[in-house]
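The lines below spell out each chain.
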Amino acid sequence: MKISVIGTGYVGLVTGVVFAQLGHTVICMDKNREKIDNLKRGIMPIYEPGLKEMAVKNHDEGRLFYTWDIKEAVTKSDLIMIAVDTMPKENWQTNLGSVKAVAKDIGIWMNGYKVIVNKSTVPVGTGNLVERIIRQNQKKKCGFDVVSNPEFLREGQAINDTLHPDRVIIGAENTAAAMKVVEIYQDMNTVVKVTKLKSAELIKYASNAFLATKISFINSLADLAELTESDIEEIAEGIGLDKRIGRQFLNAGIGYGGSCFPKDVGSLIYTAKEFGYDFSILREVKRVNEARIERFFAKMKKTVKLKKKRIAVLGLSFKPDTDDLRESPSLKLIKFLLKEDSEVIVYDPVAMDNAKASLKRVKYAKNAYECVKGADITVLVTEWNEFRNADLKKIKKLMKGDLFFDGRNAFEPHIMKKLGFRYFSVGR
Ligand code: UDX
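As the structure is a prediction and not an experimental result, all values here were calculated from the model. (Residues numbered from 1 in each chain as written. Predicted model: local features only at pLDDT ≥ 70, side-chain atom pairs only at ≥ 80, totals over all residues. Heavy atoms only, no water.)

Colleague: Can you lay out the overall build of the protein chain for me, pointing to particular residues and giving the numbers?
Modeller: Per the secondary structure count, the protein chain includes 18 helices and 14 strands. Scaling as 2.2 N^0.38, a compact globule of 428 residues should have a C-alpha radius of gyration of about 22 Å, and the protein chain matches this with 23 Å. Reported as C-alpha extents along the three principal axes, the dimensions of the protein chain are approximately 70 × 45 × 40 Å. The proportion of buried residues among the 428 residues of the protein chain is 53%. Taking the contacts inside the protein chain whose residues are at least 6 apart along the sequence as the reference set, 73% of them involve residues at least 24 apart. On the protein chain, roughly 20100 Å² of surface is accessible, and the fraction owed to carbon and sulfur atoms is 52%. (Helix = DSSP H or I, 4+ residues; strand = E, 2+ residues; numbered from the N terminus. Rg over C-alpha atoms; globule rule 2.2 N^0.38 Å. Buried < 20%, exposed > 50% of the residue type's maximum accessible area, 1.4 Å probe, protein only. Contact = heavy atoms within 4.5 Å. Areas by Shrake-Rupley, 256 points an atom, 1.4 Å probe, with all protein chains shown as cover.)

Colleague: Any details on the environment of Ile159? Residues and values, ideally.
Modeller: Positionally, Ile159 belongs in helix H7 (residues 158-163). In the structure, Ile159 is positioned 27 residues away from Gln186 in sequence and 17 Å away in space, judged by C-alpha atoms. If we ignore the near neighbours within four places in the chain, the residues touching Ile159 are Val14, Val18, Glu48, Pro49, Gly50, Leu51 and Met54.

Colleague: Can you lay out a nonpolar patch on the surface for me, pointing to particular residues and giving the numbers?
Modeller: Taken together, the side chains of Met179, Val192 and Val194 present a nonpolar region at the surface, about 210 Å² in accessible area. When you line up the elements, Met179 lands in helix H8 (residues 175-184). (Patch = residues over 30% accessible without salt bridge, like charges linked within 9 Å, V, L, I, M, F, W, Y side chains within 5 Å. Salt bridge = Lys/Arg side-chain N within 4 Å of Asp/Glu carboxyl O.)

Colleague: Can you lay out the sheet that holds strand S12 (residues 377-380) for me, pointing to particular residues and giving the numbers?
Modeller: With respect to topology, 6 strands assemble into an open sheet ordered S11-S10-S9-S12-S13-S14, the strand pairing being parallel. Among the strands making up the open sheet, the edge pair consists of strand S11 (363-364) and strand S14 (422-424). Here strand S10 (residues 343-347) pairs with S11 via 2 bridges, running parallel. When the bridges of S11 are listed, Val346 appears paired with Tyr364. Sheet strands touched by helix H12 (residues 280-303): S12, strand S13 (403-406) and S14. Its angle to S13, the strand with the most contacts, is close to 165°. (Pairing = 2+ DSSP bridges. Axes fitted to C-alpha atoms, helices over the stretch in contact; angles between N-to-C directions.)

Colleague: Give me the domain arrangement of the protein chain: which residues, what numbers.
Modeller: Each domain of the protein chain was delimited in the assignment, giving domain 1 (2-195) and domain 2 (208-428). The C-alpha-based centres of domain 1 and domain 2 are spaced at 33 Å. Listed by partner, the interface residues are 15 residues for domain 1 and 19 residues for domain 2. Interface of domain 1 and domain 2: buried area, both sides summed, is about 1500 Å²; carbon and sulfur atoms make up 55% of it. Contact with domain 2 buries surface across domain 1, with Tyr47, Trp92 and Glu155 losing the most and accounting together for 49% of the total. With a shortest N-O distance of 3.7 Å, Arg326 and Glu155 are connected by a salt bridge. Looking at the side of domain 1 that touches domain 2 residue by residue, the class counts come to 7 nonpolar, 6 polar and 2 charged. (Domains from an automatic or database assignment. Buried area = accessible area lost by both parts, 1.4 Å probe. Nonpolar A, V, L, I, M, F, W, Y, C, P; charged D, E, K, R; others polar.)

Colleague: Any details on the pattern of salt bridges? Residues and values, ideally.
Modeller: All told, the structure shown has 28 salt bridges when counted by the stated rule. Here Glu226 and Lys299 are joined by a salt bridge, their closest N and O atoms 2.8 Å apart. Taken together, the positions of Glu226 in helix H9 (residues 197-228) and Lys299 in helix H12 put the pair 73 residues apart, joining distant regions of the chain. Residue classification places Glu226 among the partly exposed positions, given a relative accessible area of 25%. Across the pair Lys332 and Glu327 runs a salt bridge whose closest N-O atoms are separated by 2.9 Å. Its relative accessible area of 36% is what places Lys332 among the partly exposed residues. Each of the salt bridges in this network shares a partner with another, and the network as a whole consists of Lys57, Glu61 and Arg63.

Colleague: Explain the site of the ligand to me, using residue names and the numbers behind them.
Modeller: Around the ligand lies a shell of 18 residues, among which Phe152, Leu153, Glu155, Asn251 and Gly257 are the nearest. At 3.4 Å from an oxygen atom of the ligand is found a side-chain nitrogen or oxygen belonging to Lys204. In the model, an oxygen atom of the ligand is placed 2.8 Å from a nitrogen or oxygen of the Asn251 main chain. Protein chains bury 92% of the 670 Å² of accessible surface belonging to the ligand in isolation. Top contributing element to the shell around the ligand by residue count: H9, with 3 residues. (Near = heavy atom within 4 Å. Polar contact = N/O pair within 3.5 Å; in protein donor to acceptor, adjacent residues only side chain to side chain.)

Colleague: How would you sum up the pairing of strand S5 (residues 114-118)? Please name residues and give values.
Modeller: Where burial is concerned, most of S5 is hidden: 5 out of the 5 residues are buried. Of the two faces of S5, the one holding Lys114, Ile116 and Asn118 and the one holding Val115 and Val117 are both buried throughout. In this structure, strand S4 (residues 79-82) lies alongside S5, joined through 4 bridges in parallel fashion. Residue pairing for S5: Ile80 is matched across the bridge by Ile116.

Structure representation (structure tokens):
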């Protein structure tokens, strides 16, 4: 089947590359010409392990094409995936501007029956809206179906998640359309669940909101663990052994960030409100998360005067294995630290270039050791393996002080103590 993917952001590009890898002919389209020119030359717009190699291979072997021309993408394909940005507005309402614009273009250029597959995370009811916009703009009256097929990939593991998903959700208003999308997944060894169009749209939000709830729950429990002098790691293990709960996404810390959880929780609260429902659990999940940084910062301030201190910050990206800084707890914490008139030195294995554009009042170190050299305080905010595997003895020796704040519980308290650190983590 000939597939076009509109939008070469995280979801669009990874999806396009993986479907080419599975043997389909894929056109990746983006209106940003520079991005397309770069992709043709093998330059990826994002850092994602394994993406470049797979993209270059499939491009060279003639299965993966790039274009900035929407007409080409629409006319040359049977199945069109919409994977454009859905950046939230201030009030977390989803901005559907890009989705609507693409729907209009699809209508204009449609030259025969097509299946339109929505991959972007969009509020329930958007599939019907896309259908209406296409119909209103059709120059040539041809049949089409709109299907929702949400993407569940994680940044940093996007290729593997897309090739080996836990499940594929296909939401459609008729079985024939759903089956056309099932077809493109036939070589994947996974569960394919066909649902109503609107259910699929909600499943995406529900998944992310549930995972965010797990994180805010464990973080709240971590606060109680601190007050009761118990250990959140042991508690997470203990409850995680119950198969109904599971150990994953119970890592306490400085809170969740990234392009999805904050946006999707906010958007689901907003959508619920539009339907007259107060999703109060999620309002609390959001509130707990937003309070994490302040709480962590307060812990630092309670322990030591931060004014004029040299503070080494390890990690800038919102989580390891990505250069993504969106809603990054690290950047938020750094803002607090800078207000204290302290000197902040930062290091991140891959997110430094992205940070330099917006984060000006800090010093950038070349590696973790240079970062901690002469520091009064070290703070770990992103648990990169590079930090987990670092020579802690060397770090201790290089630092001027002995204070180590760990926002991700990356180290064992007794080992840190033995090494001579005054070590503070979360919920332990
Ligand atoms: C998430 C979903 O996992 C994915 O299915 C969806 O398609 C997009 O959103 P992603 O944003 O890439 O993926 O990151 P994820 O690995 O889920 O982590 C999200 C945030 O939660 C990170 O800031 C991470 O540090 C934090 N987190 C995760 C915790 O604080 N504790 C945990 O136990 C797990």
